[in-house]
Amino acid sequence: MSVDAATRLEIEDFLTEEAALLDEWRLDEWLELFTEDAQYVVPSPTLPDGQPGQVLGLIDDDIARLRGRVERLTSGFAYREAPRPRTRRFVTNVRVLDLTPDEARATASFLVCRLRNGQIEPIMGRYEYRLRRKDGWKIRYRRAQIDLESISPYGSVSIIL
Amino acid sequence: MSFVQPTDLVRDDPTAGVFRVHRSSFTSQEVLDLEMERIFERCWLYVGHESEIERRGDFVRRTIARRPVIFLRGSDGEGRVLFNSCRHRGAAVCRAASGNAKAFSCFYHGWTYDTTGRLINVPDESPYGPCFDKSELGLTSPPRVQSYRGFYFMSLNPDAEELPAYLAGAREYIDRLADQSQAGLRIVPGGYRYGTKANWKLMMENFSDTYHFETLHRTYLKFLSSQAGDNRKEWDEYNRVAVFGRRKAYDLDNGHAAIEFGYPTNGRIIAVWHPAFGPAARPGVEAARSRLVERFGEERAAAIADNSVSVIVYPNLILLDIVASILMQVWPVTPGYIEVDNWAIGPRDETPEMLARRIEQFELFVGSAGFGAPDDMEAVESCQEGYAASAGQWSDISRGFHPQSSGDSEANLRAMWREWVANLASETHGAHDEARKPGVGAAAR
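Reading the values: rules and limits
Residues numbered from 1 in each chain as written. Chains lettered and ligands numbered in written order. Predicted model: local features only at pLDDT ≥ 70, side-chain atom pairs only at ≥ 80, totals over all residues. Heavy atoms only, no water. 1 Å grid on protein atoms, 1.4 Å probe; cavity = no way out; pocket = protein on both sides within 12 Å on 5 of 7 lines; lining within 4 Å. Points joined across faces, edges and corners; volume = space filled by probe spheres on them. Nonpolar A, V, L, I, M, F, W, Y, C, P; charged D, E, K, R; others polar. Core = buried A, V, L, I, M, F, W, Y, C linked by side-chain atoms within 4.5 Å. Buried < 20%, exposed > 50% of the residue type's maximum accessible area, 1.4 Å probe, protein only. Contact = heavy atoms within 4.5 Å. Buried area = accessible area lost by both parts, 1.4 Å probe. Salt bridge = Lys/Arg side-chain N within 4 Å of Asp/Glu carboxyl O. Polar contact = N/O pair within 3.5 Å; in protein donor to acceptor, adjacent residues only side chain to side chain. Helix = DSSP H or I, 4+ residues; strand = E, 2+ residues; numbered from the N terminus. Pairing = 2+ DSSP bridges. Axes fitted to C-alpha atoms, helices over the stretch in contact; angles between N-to-C directions. Expected span 1.5 Å × (residues − 1). Phe/Tyr/Trp six-rings, centres within 6.5 Å; stacked < 30°, edge-to-face > 60°. Lys NZ or Arg CZ within 6 Å of the ring centre and 35° of its normal.

### As for empty space enclosed by the protein
Gaps left between atoms show up when a probe the size of a water molecule is rolled over them. Residue and element names in this part refer to chain B. Scanning the entire structure with this criterion turns up seven cavities of 30 Å³ or more. Taken as a whole, the largest cavity encloses approximately 260 Å³ of empty space. Looking at the largest cavity, it is lined by 21 residues, and the ones nearest its centre are Phe-213, Phe-261, Leu-320, Ile-322 and Phe-365. Here the residues of the lining of the largest cavity are counted per class, giving ten nonpolar, nine polar and two charged.

Right under this line is the structure:
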């Protein structure tokens, strides 16, 4: 089904609003964007096309683990991110690749900057979303593939990308 | 601060039960230079696992002790390490991270080597004259390359003792890992590297330091507890008792050291089920344990299956055999910056379901985006920053050292440090000579 301009704009707005929730550290509200069968994946920088669960990756969360991740990040005891860092994310080049009445598959480029302890860590890459239409859009699948060849010099990817 | 003697950097007083390391050990470029010369250029260093070079022609590029190398299986079936530098002018002959090759052709002038390192082709050879001998111009190897149970090591020291002798007591733990499967082990694809702004020894300590676990990793423990479902109370109690009662530290000689948890921490994919693995995984895990009992008897099977352990394979490899089996190798870049290689390793014949559980548990705890490792990085980076406070200060590693102390011990960390200081103080070529300090022995203190 062809992608009309209004739907494309709707999805782009959705991604922009999502980015705002993350930058404002409104992580509990961000969680509300996901379906119960959601999956959030960050593949290994050395094997980005590997199948999650069969090759090592960085993140392969179901909704329970994603909730655990947010609970950890907001607990004050996830020391890597407590006190919390500033982040600023740029989501661009949004493409809606597949569209059915119920689902949309979209990709976008991202640049997420994390600022903490006087340092700026830019992480760039590509998002892939599978969105489900359900009172607006919900995220069923969210994949953030980073372009870094290794996680250097930052070490961790412990914020939500 | 400039140090006078390496032996001034460690205070090792068994009578007083005091063990301290001078903080310039973590910050001084002079110390790092000496470490490169007397540790990294003398000891055996892990290069890779046989499963990474399964077929003839398989290769992996690595950098070991700042040397670019190719870890490969030659057309003759032999596992090898070759320096990745053309004999002509020095360019890299292998430029892919990994793959399979019949030959390595230098992109600069086209000198070509086969997978055993032999120089097989030189474009337009005649201008070199009659004395030009290709057989003398093969890719060179490190002076020593050996493997133990599929784990390949190299040494830049031609006089290094044989690898099994060097590994000493660490062999036991490599054996326990290798014995997990009759089919052999394999590195799970997707291993990666991360950087950390800390000294390499801080990270080595951290991976073998159990004291920080309940403090630093409370969010991980909390999440696991939430996954334990109906068994939550039982597992929480299990962890509480185990944490304070069962850990034992071992000096394995030559700087190698282990800390045994004395129980299967939060389950072990290999053979001890935990509720977080999900009920569907239970029969498979229990069957795996039964197979170990059949193969080795209950006592040995228990050692392999039930006991989580962190092993320092001196100088820079960590074998963290906990819920999943993890290899980590720590490379100093500057005194305050390291690169850490991370691999998951498991049975070659694992079912896709168990592999998925293994990967999930790796990602959850030691992964770079996990619920544990990021906080480890934060802690060691914070220590490194703290050393700017006063270069004259000492770090304390005295737990369990005093003759009258009991319970938890950092004897494993002291074993590493004693070898470290002995190595730095030794001007001779042998990696492990008699420069040890008094008071060092097999006893884990």
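### Re the nonpolar core
If you look at the biggest cluster of nonpolar residues, it comprises 152 residues, and the most contacted ones within it are Leu-161 of chain A together with Trp-420 of chain B. In contact with Trp-420 of chain B, other than residues within four places in its own chain, are Leu-9, Val-10, Ser-25, Val-31, Glu-35, Ile-39, Trp-200, Lys-201 and Tyr-314 of chain B. Within the second largest apolar cluster, 18 residues are counted, among which are Val-93, Cys-94, Ala-101 and Leu-137 of chain B.

### A closer look at the interface of chain B and chain A
A common way to report how large an interface is uses the accessible area buried once the components associate. If you look at the interface, chain B gives 39 residues, while chain A gives 36 residues. Buried surface at the junction of chain B and chain A, both sides included, amounts to about 3000 Å², of which 53% is carbon and sulfur. The tally of links between chain B and chain A comes to five salt bridges. The partner of Lys-222 of chain B in a salt bridge is Glu-71 of chain A, with the nearest N and O atoms 2.9 Å apart. At the surface where chain B touches chain A, the tally comes to 24 residue pairs in polar contact (both at pLDDT 80 or more). Only strand 14 (192-196), helix 6 (213-216), helix 7 (218-227), strand 20 (337-347), helix 10 (352-365) and helix 11 (373-386) of chain B provide two or more residues apiece to the side of chain B that touches chain A. Among the elements that make up the side of chain B that touches chain A, the one with the highest residue count is helix 10 of chain B (nine residues).

### What about the sheet that holds strand 8 (residues 103-105) of chain B?
All names here are of chain B. Taken in spatial order, the three strands make up an open sheet running 8-9-10, and their pairing is antiparallel. Here the strands that pair on one side only, and so sit at the sheet edges, are strand 8 and strand 10 (119-121). The average undirected angle you get between the axes of adjacent strands in this sheet is 35°. Of the strand pairs in this sheet, strand 9 (residues 112-114) and strand 10 are connected by two bridges, and their pairing is antiparallel.

### Some points on the pattern of salt bridges
All names here are of chain B. Inspection of every chain in the model, using the stated rule, returns 50 salt bridges over all chains. One salt bridge connects Arg-62 with Glu-52, and the closest N-O pair in it is separated by 2.6 Å. Of this pair, Arg-62 sits in strand 4 (residues 58-64) while Glu-52 sits in the loop between strand 3 (44-49) and strand 4, placing them ten residues apart in sequence. Each member of the pair, Arg-62 together with Glu-52, is buried. Of the charged contacts, one joins Lys-134 and Glu-125 as a salt bridge, the two residues approaching to 2.9 Å between their closest N and O atoms. Relative accessible area serves as the criterion here: at 29%, Glu-125 is assigned to the partly exposed category. When salt bridges that share partners are traced, they join Arg-149, Glu-172, Asp-175, Arg-176, Asp-179, Glu-260 and Arg-300 into one network.

### Digging into helix 3 (residues 63-74) of chain A
Under the 1.5 Å per step criterion, the end-to-end length of helix 3 of chain A is 16 Å for twelve residues, consistent within 8% with the ideal 16 Å. Buried residues along helix 3 of chain A sit in contact with helix 2 (27-31), strand 1 (34-43) and strand 2 (57-61) of chain A together with helix 7, helix 10 and helix 11 of chain B. At the exit of helix 3 of chain A stands Gly-76 of chain A, carrying a positive phi of roughly 85°.

### Focus: the layout of surface pockets
Residues and elements named next belong to chain B. Size it by volume and the largest pocket reaches roughly 1300 Å³. What lines the largest pocket is a set of 41 residues, among which Val-60, Arg-61, Arg-62, Ala-97 and Gly-191 lie closest to the centre. Those elements that place two or more of their residues in the lining of the largest pocket are helix 2 (29-40), strand 4, strand 7 (98-100), strand 13 (185-187), strand 14, strand 19 (325-334) and strand 20. With seven residues, the top contributor of residues to the lining of the largest pocket is strand 4. Within the lining of the largest pocket, the residues separate by chemical class into 18 nonpolar, ten polar and 13 charged. Here the second largest pocket is characterised by a volume of approximately 430 Å³. Looking at the second largest pocket, it is lined by 17 residues, and the ones nearest its centre are Leu-202, Glu-205, Asp-209, Cys-383 and Asp-396. Those elements that provide at least two residues to the lining of the second largest pocket are helix 5 (200-207), helix 11 and strand 21 (394-396).

### Some thoughts on the packing of aromatic side chains
All names here are of chain B. Taken as a whole, this structure holds 23 aromatic pairs over all chains when the rule is applied. Three or more aromatic residues joined by ring pairs form one cluster here, namely Phe-26, Tyr-387, Trp-417 and Trp-420. Note that Arg-399 overlies the ring of Tyr-211, its terminal NZ or CZ placed 3.4 Å from the centroid.

### Re the side chain of Ser-225 of chain B
Residues and elements named next belong to chain B. Turning to its location among the elements, Ser-225 is positioned in helix 7. Residue classification places Ser-225 among the buried residues on the basis of a relative accessible area of 9%. Excluding anything up to four places from it in sequence, Ser-225 contacts Arg-232 and Asp-236.

### Description of helix 12 (residues 411-425) of chain B
For helix 12 of chain B, built from 15 residues, the straight-helix expectation of 21 Å at 1.5 Å per residue is met to within 8% by its first-to-last C-alpha distance of 21 Å. Where burial is concerned, most of helix 12 of chain B is hidden: 14 out of the 15 residues are buried.

### Description of unusual backbone geometry
A cis amide bond links Ala-82 of chain A to the next residue, Pro-83 of chain A, at an omega of 0°. As for its placement among the helices and strands, Pro-83 of chain A is situated in the loop between helix 3 and strand 3 (86-99). At the junction of Tyr-314 of chain B and Pro-315 of chain B, the peptide bond is cis and its omega measures out at 5° in the coordinates. In this structure, Pro-315 of chain B sits in the loop between strand 17 (309-313) and strand 18 (317-321). Backbone geometry places Arg-149 of chain B, a non-glycine residue, at a positive phi of 50°. With respect to the helices and strands, Arg-149 of chain B occurs in the loop between strand 11 (144-148) and strand 12 (151-155). The class of Arg-149 of chain B is partly exposed, set by a relative accessible area of 38%. Phi at Asp-253 of chain B is positive, roughly 80°, even though this residue is not glycine.

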